[in-house]
Amino acid sequence: MNKRPLYWLMLTLLLVAMSELQTMGMLPDMARSLGASTAAIGAFISIYSFGMAIGGPLIAWVLRQVPPKAALLGVVTAYAILEAAVPLIHNYWWIAALRLLTGTLGGAVFGLTLTMAARLAPTPDRIASSISIVLNGLMLGAVLGLPISHAIATAWNWQTSFVILGAAGLLIVLLDVRTLPVLPAASAQTTADELQQLRSPRLWSRFLVSLLTIGATYGAFSYFTPLLEQDAGFTSNATTAILFGYGLCTVIGNNLVGRYADRHAVTLLRIGHLVLASSLVLLALFAHLPWAALPGVLLVGLVGVTMNPALVVRVVEVSGAGNLVNTVHTSVITLGVVTGSAIGSAAISGTGDSSSAPAMWTGATLAVLAAGVLGAQTVGSKRRQMSLQPAQN
């Protein structure tokens, strides 16, 4: 298998993932410059995520019969131009509008890169390994986006971060032109089949597992910084190092899951949900103990968002690897991020903001629910197979 195109797709996704979190690394600078509160600037992340969740499928629908390479190049070009345009408008609401649009384009990029990765797999049983290579961009972007944007804003200003990422986007477009293969556009029949699949309860049941799994992870991850610094007592520098360690664990876990997910997706998800729930319970009970908080955070890195390749394989099993379904799946995952973080925040606020433990309990609960839905699916699948056996005989 020629992996070179997959690595360029990984870089393309890396750009989008870094852009999603860049404002988090520049909160104070942007707040002072725009005369807004830090909470208002923090809302840019939610606005971006909302654009991914709602707008991504709309763009996928508009581009449904455009060849995937041409669609990806067009979307990334528009993304890079809008990203670089942010510093030109010194107004909070106009910047919010641009973040909404870039989020919309980002959702489309996510779906298109995964679709191309699946189609570039040499055989159907190599889809997960292809997708896991591309998803490394998501894992690395989530880790690098915040510290790099923070470093750029510190060395120059927050506007420079947008200009650099916009320029990087245009450079990636030029590289993608040379390296990505031309694949045929989806036919009208394929699009009709995807729309039919989106009416399937089985597909939405698998989407639900994705939402709960990613919600469980982000319901906790969103509050790892206060947990490590305020509950466990780590210094700011130690917390930064631990979060980098978390990011390294996500890359390792993603590649391990991608290697085996094609044949063992259900088993990997069962193990992942069990370890994720156990790790979050450990953090909820013993977050005040550094020796417990450190391994708990790293374990969440190994088994949290790293279940993505297995989740994608479960979706592909019932719907194929079409762009529309992949983009809707991306939207569901994004909603999981938003939902998990929101429930975790509500849990912490409801207990007086004294500890991050309630967010860990929230994540553990969502992980158990994900395991329950997965269990119901596998039982239902076995019953369907048994009911078909007499007919086949």
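Residues numbered from 1 in each chain as written. Predicted model: local features only at pLDDT ≥ 70, side-chain atom pairs only at ≥ 80, totals over all residues. Heavy atoms only, no water.

Under an unreviewed UniProt entry, the protein chain has the name MFS transporter and belongs to Streptomyces huasconensis. What UniProt states about the protein chain under its Subcellular location (unreviewed entry) heading is, verbatim, "Cell membrane". (UniProt positions renumbered as here; feature names shortened; annotations may be inferred.)

Novice: Can you break down the overall build of the protein chain residue by residue, with the values?
Specialist: Scanning the protein chain from N- to C-terminus turns up 15 helices and zero strands. The C-alpha radius of gyration of the protein chain comes to 21 Å, within 12% of the 21 Å expected for a compact globule of 393 residues. Here the C-alpha coordinates of the protein chain stretch approximately 70 × 50 × 35 Å along the principal axes. Within the protein chain, the proportion of its 393 residues that are buried is 53%. For the protein chain, the accessible surface area stands at approximately 16,600 Å², while carbon and sulfur atoms represent 68% of it. One finds the centroid of the 19 positive side-chain charges in the protein chain at a distance of 12 Å from the centroid of its 12 negative side-chain charges. (Helix = DSSP H or I, 4+ residues; strand = E, 2+ residues; numbered from the N terminus. Rg over C-alpha atoms; globule rule 2.2 N^0.38 Å. Buried < 20%, exposed > 50% of the residue type's maximum accessible area, 1.4 Å probe, protein only. Areas by Shrake-Rupley, 256 points an atom, 1.4 Å probe, with all protein chains shown as cover. Lys, Arg positive; Asp, Glu negative; His and termini not counted. Charge placed at Lys NZ, Arg CZ, Asp CG, Glu CD.)

Novice: I'd like to hear about the pattern of salt bridges, residue by residue, with values.
Specialist: Applying the stated criterion to the full structure yields four salt bridges. In this structure, Glu317 engages Arg206 in a salt bridge whose closest nitrogen and oxygen atoms are separated by 2.9 Å. Pair noted here: Glu317 is in helix 13 (residues 308-319) and Arg206 is in helix 9 (residues 201-221), with a separation of 111 residues, a long-range link. Take Arg206: its relative accessible area is 9%, and that puts it in the buried class. (Salt bridge = Lys/Arg side-chain N within 4 Å of Asp/Glu carboxyl O.)

Novice: So what about the side chain of Gln377? Which residues, and what values?
Specialist: Mapped onto the secondary structure, Gln377 falls in helix 15 (residues 357-392). A distance of 2.7 Å separates the side chain of Gln377 from the side chain of Ser205, its partner in a polar contact. Sequence-distant contacts of Gln377, defined by excluding residues within four places in its chain, comprise Ser205, Arg206, Val209 and Arg314. (Polar contact = N/O pair within 3.5 Å; in protein donor to acceptor, adjacent residues only side chain to side chain. Contact = heavy atoms within 4.5 Å.)

Novice: Could you give an account of the packing of helix 11 (residues 236-286) against helix 13, naming the residues involved and the relevant values?
Specialist: Remark: helix 11 packs on helix 13, axes separated minimally by 7 Å, with the N-to-C direction vectors making an angle of 50 degrees. Regarding the angle of helix 11 to helix 13, the classification is oblique. Relative to helix 13, helix 11 is oriented so that their crossing is right-handed. Residue-level contacts link Asn254, Val257, Gly258, Ala261, Asp262, Ala265, Val266 and Leu269 of helix 11 to Pro309, Ala310, Leu311, Val313 and Arg314 of helix 13. Its residues assigned to classes, the contact of helix 11 with helix 13 shows nine nonpolar, two polar and two charged. (Axes fitted to C-alpha atoms, helices over the stretch in contact; angles between N-to-C directions. Parallel < 35°, antiparallel > 145°, perpendicular 65-115°, else oblique. Left-handed = near helix turned anticlockwise from the far one by under 90°. Nonpolar A, V, L, I, M, F, W, Y, C, P; charged D, E, K, R; others polar.)

Novice: Kindly report on the packing of aromatic side chains, identifying the contributing residues and their values.
Specialist: Enumeration according to the criterion identifies eight aromatic pairs in this entry. On the basis of an interplanar angle of 20 degrees and a centroid distance of 4.9 Å, the ring pair of Phe44 and Tyr92 is categorised as stacked. Taken together, the residues span a long stretch of sequence, with Phe44 in helix 3 (residues 38-62) and Tyr92 in helix 5 (residues 92-120) at a distance of 48 residues. We classify Tyr92 as buried; its relative accessible area is 14%. When the centroid spacing of 5.0 Å and the interplanar angle of 90 degrees are considered together, the rings of Tyr92 and Trp93 count as edge-to-face. In this structure Trp93 comes out as exposed when scored by relative accessible area, which is 65%. (Phe/Tyr/Trp six-rings, centres within 6.5 Å; stacked < 30°, edge-to-face > 60°.)

Novice: Pulling in residues and values, what's your account of the confidence of the model for the protein chain?
Specialist: The share of residues in the protein chain with pLDDT of 70 or more is 95%, and the mean pLDDT across the chain is 85. Mean pLDDT in the protein chain bottoms out at helix 8 (residues 188-197), which sits at 76, and peaks at helix 4 (residues 68-85), which reaches 93. (pLDDT = per-residue confidence, 0-100.)

Novice: Tell me about the nonpolar core, and name the residues and values.
Specialist: The tendency in soluble globular proteins is for nonpolar side chains to be buried as a group. Counting 47 residues, the largest nonpolar core has Phe224, Leu227, Leu276, Leu280, Leu283, Val297 and Met360 as its most contacted members. Counting only elements with at least two residues in this core, the list comes to helix 6 (127-155), helix 9, helix 10 (224-231), helix 11, helix 12 (290-303), helix 13, helix 14 (323-350) and helix 15. Tallying contributions element by element places helix 11 first for this core, with twelve residues. Those residues within four positions of Phe224 in sequence are excluded, and the remaining contacts are Leu243, Tyr246, Leu283, Val297, Val300 and Met360. (Core = buried A, V, L, I, M, F, W, Y, C linked by side-chain atoms within 4.5 Å.)

Novice: Can you tell me about helix 7 (residues 158-179), naming the residues and giving the values?
Specialist: Over its 22 residues, helix 7 extends 32 Å from the first C-alpha to the last, a length consistent with the 32 Å expected when each residue adds 1.5 Å. Where helix 7 begins, the capping side chain belongs to Asn157, and its oxygen is found 3.2 Å from the backbone nitrogen of Gln159. (Expected span 1.5 Å × (residues − 1).)

Novice: Which residues make up the environment of Thr12, and what values go with them?
Specialist: Within the element layout of this structure, Thr12 appears in helix 1 (residues 4-21). Discounting chain neighbours no more than four positions away, the residues touching Thr12 are Leu72, Val76, Val109, Thr113, Ile172 and Asp176.

Novice: Account for the side chain of Thr23, naming residues and giving values.
Specialist: With respect to the secondary-structure elements, Thr23 resides in the loop between helix 1 and helix 2 (27-34). Residue contacts for Thr23: discarding those within four places in its chain leaves Met30, Phe44, Ile45, Arg99 and Phe162.

Novice: Tell me what's going on with helix 10, and back it up with residues and numbers.
Specialist: Along helix 10, the residues classified as buried are Phe224, Leu227, Leu228 and Asp231. The buried residues of helix 10 occupy an angular sector of 115 degrees when the element is viewed end-on, so they sit on one face. (Arc of directions from axis to C-beta.)

Novice: Now, about the environment of Thr306: what can you tell me, with residues and values included?
Specialist: When you line up the elements, Thr306 lands in the loop between helix 12 and helix 13. Linking Thr306 and Val257, residues 49 residues apart in sequence, is a C-alpha distance of 6.9 Å. Among all residues touching Thr306, those that are not within four sequence positions of it are Met139, Cys249, Thr250, Gly253, Asn254, Val257 and Gly301. Among the polar contacts listed, one links the side chain of Thr306 to the backbone oxygen of Leu302, at a separation of 2.5 Å.

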